[in-house]
Amino acid sequence: MYQSRHDDLTSLLNRVGLIDQIQQLVNRNDGFGVVLLDIDNFRGINDRFGQEHGDKVLSEFARCLRKLASDQYGASRLGGDEFAVISNIREPENLLVFCNELLEKLAREMASGPLRMQLGASVGAAVFPAHGDSFNSIIRSAHLALYQAKRTRNDVCLYQNNFEAGYLRRVHIEQRLRGAMHEMQLYMAYQPQLDVSGRVVGVEALARWDDEELGYVPPNEFVEVAESSGLMVELGNYVLDRSLADFRNILDEVREPLELSVNISAMQFMQLGFAERVLLALKKHDVHPHYLTLEITETVFMSGFDQVVPVLEQLRHAGISLSMDDFGTGYSSLSLLRKLPIDELKIDKSFVDNIIADEPARNMVESIIAIGKNHRMRLVAEGVEDKDQFATLVEMGCGRFQGYFFSRPVLVEEVGAVVRRCNTTIAT
Ligand code: C2E
Ligand code: MG
Ligand code: MG
């Protein structure tokens, strides 16, 4: 009886025990709070230090949680790195205060405990009966809140009615996206990249999707859905194939050296044989690897530095260039950057936006350019929207530019015309 309701590793209540506990409280029809916790980047901990260490972290986390929830109904482990506290707090505002304090104390306990760890967690919370008046609905609400907390990188989220709508939209996007890849409603737009003289030297491929039911869905949104629903590898393969096919046509039309940049999601790197797949696609469309740049973001390294670097090296060895997109917005430290085989840094639009008005943004761009030059990397500024931004970036030493000032992303059929327009303006 005990074993079936408790978790072996942590001896907290397990999922079965939790169901029982909640069911009893529901039957009593008394208010209570459900708090779900998910350890940040636990996967990375497991990958880097091994499962044995991962287990130690879970045990230690459970010990702290049990201690900090001793005046509540209890703590449990739902599986993996997901935990729950059933609280006797029934007012939403008070539950929120409790959650924030719980996170703070957890972080402190973990830092001073035997493992001396800096550890964060995401928290989703819901109260019975306002956010759900049955076992299923209260758990679902707490999960939606947790999902929201992870998605927005907010530490703590209390359930709100609109989470349901957001969730349903994502489910809808997921359903439609599966079909879109087969029916070719997904296509690529190409945004020119120019050098200091104003010549088009490359294009970045950006995914576009106009859906019959959903209308235009921005790539940020459907890429995120693809990542969280296991569709990213299929989407990524589709993007790569389509971009290279288009690029072959562009090259044949413009008959000038031009480069292609393709955005790659962190998840594509984790698939076995990713590098081979890229090389195969290049061969299929008769594009030389030297023309191709893969844009990655810092999240690639959250899945484990040691797994990713060999793949990057393999790609680079084959002649493909690697670019760090949205540089400066994530977590990467300078020491990390030094160890990475990267050829290009993309200065994020958010810095370019403020480069004229805002001194901190200007300083940031200057630092990024200095870092890039130190490591012999190419520098690309994205989101350049006016002449002043362009002039300032040129003065700072940036070598490549992309933005509405030069051209919006255009359809494949239009790329040739844009290239001719830009390149003849310089010639005259
Ligand atoms: P990103 O790779 O940083 O792409 C740059 C984004 O900035 C694009 O938005 C582009 O249209 C926009 N942009 C460029 N210049 C300007 C400008 O001057 N002003 C303004 N306001 N915006 C400008 P988009 O196409 O909506 O893409 C957003 C993000 O979605 C991309 O950011 C990229 O992270 C992701 N994404 C797009 N296509 C793909 C894809 O095929 N695969 C993957 N994995 N991600 C993609
Ligand atoms: Mg990009
Ligand atoms: Mg970017």
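Scroll up to find the structure this text is about.
In what follows, the accompanying structure is described. (Residues numbered from 1 in each chain as written. Chains lettered and ligands numbered in written order. Predicted model: local features only at pLDDT ≥ 70, side-chain atom pairs only at ≥ 80, totals over all residues. Heavy atoms only, no water.)

**Structural notes on the packing of helix H6 (residues 135–151) against helix H7 (residues 161–182)**
- Viewed as axis vectors pointing N to C, H6 and H7 meet at an angle of 75 degrees, and their least axial separation amounts to 10 Å. Between H6 and H7, the angle is such that the two are roughly perpendicular. Residues Arg140, Leu144, Ala145, Tyr147, Gln148 and Arg151 of H6 form the contact with H7, whose own contacting residues are Phe163, Glu164, Tyr167 and Arg170.
- In the contact of H6 with H7, the residues fall into 5 nonpolar, 1 polar and 4 charged. (Axes fitted to C-alpha atoms, helices over the stretch in contact; angles between N-to-C directions. Helix = DSSP H or I, 4+ residues; strand = E, 2+ residues; numbered from the N terminus. Parallel < 35°, antiparallel > 145°, perpendicular 65-115°, else oblique. Contact = heavy atoms within 4.5 Å. Nonpolar A, V, L, I, M, F, W, Y, C, P; charged D, E, K, R; others polar.)

**Looking at the coordination of the magnesium ion (ligand 3)**
- Those protein atoms acting as donors to the magnesium ion (ligand 3) are Asp325 (OD), Asp326 (OD), Glu382 (OE) and Glu382 (OE), and they sit at 2.1 to 2.4 Å.
- When the donor residues of the magnesium ion (ligand 3) are listed from N- to C-terminus, their spacing reads D-D-x55-E.
- In this structure, the magnesium ion (ligand 3) lies 4.2 Å from the magnesium ion (ligand 2), and both are coordinated by Asp325.
- According to the relative accessible area criterion, Asp326 is partly exposed, its value standing at 24%. (Donors = N, O, S within 2.8 Å, 3.2 Å for Na, K, Ca; no water. Buried < 20%, exposed > 50% of the residue type's maximum accessible area, 1.4 Å probe, protein only.)

**Quick notes on the coordination of the magnesium ion (ligand 2)**
- Coordination of the magnesium ion (ligand 2) by the protein is provided by Glu204 (OE), Asn263 (OD1), Glu295 (OE) and Asp325 (OD), with metal-donor distances spanning 2.0 to 2.2 Å.
- The sequence pattern describing where the donors of the magnesium ion (ligand 2) fall on their chain is E-x58-N-x31-E-x29-D.
- For Asn263, a relative accessible area of 28% puts it in the partly exposed group.
- A relative accessible area of 7% places Asp325 in the buried class.

**Looking at the pairing of strand E2 (residues 74–79)**
- Counting buried positions along E2 yields 5 of 6 residues, so the element is predominantly enclosed.
- Bridge count between E2 and strand E3 (residues 82–87): 5 bridges; the pairing is antiparallel. Across the sheet, Gly79 pairs through a bridge with Glu82, a residue of E3.
- Connecting the antiparallel pair E2 and E3 is a turn made up of 2 residues, with Gly80 showing a positive phi of about 55 degrees. (Pairing = 2+ DSSP bridges.)

**Looking at the packing of aromatic side chains**
- Evaluated as defined, the whole model comprises 12 aromatic pairs.
- Ring centres of Phe61 and Phe83 lie 4.9 Å apart, and the angle between their planes is 50 degrees; this geometry places the pair in the tilted category. In this pair, Phe61 is assigned in helix H4 (residues 51–68) and Phe83 in strand E3, connecting sequence segments 22 residues apart. Phe83 matches Phe61 in its accessibility class, with the two residues each being buried.
- In this arrangement the basic side chain of Arg408 is found over the ring face of Tyr404, its NZ or CZ atom lying 3.9 Å from the centre. (Phe/Tyr/Trp six-rings, centres within 6.5 Å; stacked < 30°, edge-to-face > 60°. Lys NZ or Arg CZ within 6 Å of the ring centre and 35° of its normal.)

**A word on the pairing of strand E13 (residues 378–381)**
- Note: strand E12 (residues 344–347) against E13, 4 bridges, orientation parallel. Across the sheet, the residue bridging to Glu344 is Arg378, located in E13.
- Of the strand pairs in this sheet, E13 and strand E14 (residues 400–401) are connected by 2 bridges, and their pairing is parallel. If you follow Ala381 over to E14, its bridge partner there is Phe401.
- Taken together, E13, helix H16 (residues 387–396) and E14 form a β-α-β motif whose crossover is right-handed. (Right-handed = clockwise from strand over helix to strand, strands pointing away.)

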